[in-house]
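# Residue-level structural notes
Residues per chain are reported as follows:
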Amino acid sequence: MKMLAFMGRNTKELLRDPINLAFGLGFPLALIFLLSAIQANIPVSLFEIQHLSPGIAVFGLSFLTLFSATIISKDRTSAFLQRLYTTPMKPLDFILGYTLPIIPIAVLQSIVCYVAAIILGLKMNVNILLSVIFIIPSALLYIALGLLCGSLFNDKQVGGICGALLTNLSAWLSGIWFDIELVGGTFKTIADLLPFIHTVEMQRAILNGNFTKALPHLWWVLGYGITFLVVAVFFFIRQMKKQ
Amino acid sequence: MEAIRIENLTKKYKDVVAVDNLSLTILKGELFSLLGVNGAGKTTTIKMLSCLTKADSGDAFLNGKSITTEADAVKSIIAVSPQETAVAPNLTVRENLELICGIYGFPKEKTNQKVAEQIRLLGLDSVINKKAAKLSGGYKRRLSIALALISEPEILFLDEPTLGLDVLARADLWDIIRALKGKITIILTTHYMEEAEALSSRIAIMKSGKLLICDTAEKIKEYAKTENFEEAFVRIVRGEAI
């Protein structure tokens, strides 16, 4: 009951912020249409809709990190969390209350992305549905990062770290915009060791129906997701006790 | 009958003693003010009493419940209106109130009744469907207090409730606080001397974590040998009152 009330509040806070809607849905849509227009004029295999749409679906998730981090850090700096800490709410109510409302938003975001891709020529098949379902582990990873950043930083720092640094890291090291194999060397090693490229490659493999190829990437995503979540919960509870 | 009994409460932050061996008793229905210059230990005291910060030593009992061993029980009978307005900005006034009812597990019927009660008590009817972010400073403060009161607390902590308000908004809020006097126990911190004098049953003055004096405004003025409460405060804090 406590957690449901808090979840409802967080959903409303997220959906009523026009910046969230503009970045969460508008920006990925603009990118997919823009890059498809470029592809129509100058064909690049990387920007073929079958290859591009999973990348854009995952890139949209990086904004979820910003959303979750912002709402937590604002609640901390405005003392709203301090007020709630004096109520009978438990740490689990806070963590689930912040995490769960973003999952349907992630699913909706990927549905919008794939619907746009279908309009642009992506063949409709069951793999699209599976891609939407398998966006959830990647979404959890990005949400956990948001929970972690929101617990550690204030809202101004969150804007810089999640809004600029993380979206750039996620863009550069995920292979969405260029083929990382072509860069190779240390850059590729670092990209392979971080979760971003695995979230994209998993989506691409599932959309292409290659589930054997998707599986190793799923372990990377789950491994990082669980680790981030555990670390995020630790830091959230630590800042809660610091109050 | 006592509402709060504080026994040798102490809190240190590294080398700084924020609250030093504080002991006092607050009676049921009292409006009790904590005064002191910045760093006196008022906010730390409130944070310990509301179970936000753990005491290093000592204990306090809120309606008989220990802050060190019965934090959950204490949390069920208190509410805090923090110094910052602490509201959910994109929720309307009604939704903010309903959120707190949901957190306390009130059924729908009770929620509707409590929301209506707070709207009437705090004069929020004209802004009930307005988002909290769009409210004026005075209405945000009223909402903040309504959010604290809606959970039916036995003890209410008001941390600088009129900070930054204009004269009229402050006078309105004083009327609201006065109306609560005697119904629930209120612990108020403020920097405004006239506020403490006008509203409080008793006043405690703290400095560097220590309690300097605890009495009615009249007795404190008598002690400091002055007719002016602000002057009495200054004399006591400076150590000039004999």
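Just above, that's the structure.
Description of the structure in this document. These numbers were taken from a predicted model, which means no experiment stands behind them.

## Focus on the packing of aromatic side chains
As enumerated under the stated definition, the model contains 17 aromatic pairs over all chains in all. When the centroid spacing of 5.6 Å and the interplanar angle of 50° are considered together, the rings of A:Phe23 and A:Phe63 count as tilted. Residue A:Phe23 is found in helix α2 (residues 18-41), and its partner A:Phe63 is found in helix α4 (residues 61-77); the two are separated by 40 residues along the sequence. The class for A:Phe23 is partly exposed, based on a relative accessible area of 39%. Since its relative accessible area comes to 4%, A:Phe63 is described here as buried. For the pair B:Tyr104 and B:Phe106, a centre-to-centre distance of 6.3 Å together with 40° between the ring planes defines the contact as tilted. B:Phe106 sits in the buried class, given a relative accessible area of 9%. A network of ring pairs unites the aromatic residues A:Phe6, A:Tyr85, A:Phe94, A:Tyr98 and A:Phe236 as a single cluster. Looking at B:Lys110, its charged tip hangs above the ring of B:Phe106, at a distance of 4.1 Å from the centre. Its guanidinium or amino end placed over the ring of B:Tyr192, B:Arg170 lies 3.7 Å from that ring's centre, counting from NZ or CZ.

## Remarks on the interface of chain B and chain A
Each side of the interface is counted separately: chain B has 32 residues, and chain A has 24 residues. Both sides of the chain B and chain A interface together cover about 2400 Å² of buried area, and 57% of this is carbon and sulfur. The largest per-residue losses of area from chain B upon contact with chain A belong to B:Leu52, B:Asn90 and B:Ile103, which jointly make up 27% of the total buried on that side. The tally of links between chain B and chain A comes to three salt bridges. Across the pair A:Lys12 and B:Glu95 runs a salt bridge whose closest N-O atoms are separated by 3.8 Å. Those elements that provide at least two residues to the side of chain B that touches chain A are α2 (71-75), β6 (78-81), α3 (93-103) and α5 (137-149) of chain B. Per-element tally for the side of chain B that touches chain A: the top contributor is α3(B), with six residues. Of the residues assigned to the side of chain B that touches chain A, the class counts are 16 nonpolar, ten polar and six charged.

## Some thoughts on helix α9 (residues 229-238) of chain B
All names here are of chain B. Taken as a whole, α9 has its buried residues at Phe229, Ala232, Phe233, Ile236 and Val237. Seen from one end, α9 has its buried residues packed into an arc of 125°, which puts them on one side. Taken together, the buried residues of α9 touch β3 (31-35), α7 (193-199), β9 (202-207), β10 (210-215) and α8 (217-224).

## Some points on the environment of A:Leu46
Relative to the helices and strands, A:Leu46 resides in the loop between α2 and α3 (49-59). Setting aside chain neighbours within four positions, we find A:Leu46 in contact with A:His51, A:Leu52, A:Gly175, A:Ile176, A:Trp177, A:Phe178, A:Asp179 and A:Arg204.

## Focus: the sheet that holds β9(B)
Residue and element names in this part refer to chain B. Ordered by their spatial adjacency, six strands build an open sheet running β6-β7-β8-β3-β9-β10, and the pairing between neighbours is mixed. The open sheet has two free edges, formed respectively by β6 and β10, since each of these has just one partner strand. In this sheet, adjacent strand axes meet at a mean angle of 15° when their direction is disregarded. Pairing analysis gives four bridges linking β3 to strand β8 (residues 185-189), with the strands arranged parallel. Counterpart to phenylalanine 32 in the pairing with β8 is isoleucine 187.

Reading guide: rules and limits
Residues numbered from 1 in each chain as written. Chains lettered and ligands numbered in written order. Predicted model: local features only at pLDDT ≥ 70, side-chain atom pairs only at ≥ 80, totals over all residues. Heavy atoms only, no water. Phe/Tyr/Trp six-rings, centres within 6.5 Å; stacked < 30°, edge-to-face > 60°. Helix = DSSP H or I, 4+ residues; strand = E, 2+ residues; numbered from the N terminus. Buried < 20%, exposed > 50% of the residue type's maximum accessible area, 1.4 Å probe, protein only. Lys NZ or Arg CZ within 6 Å of the ring centre and 35° of its normal. Contact = heavy atoms within 4.5 Å. Buried area = accessible area lost by both parts, 1.4 Å probe. Salt bridge = Lys/Arg side-chain N within 4 Å of Asp/Glu carboxyl O. Nonpolar A, V, L, I, M, F, W, Y, C, P; charged D, E, K, R; others polar. Arc of directions from axis to C-beta. Pairing = 2+ DSSP bridges. Axes fitted to C-alpha atoms, helices over the stretch in contact; angles between N-to-C directions.

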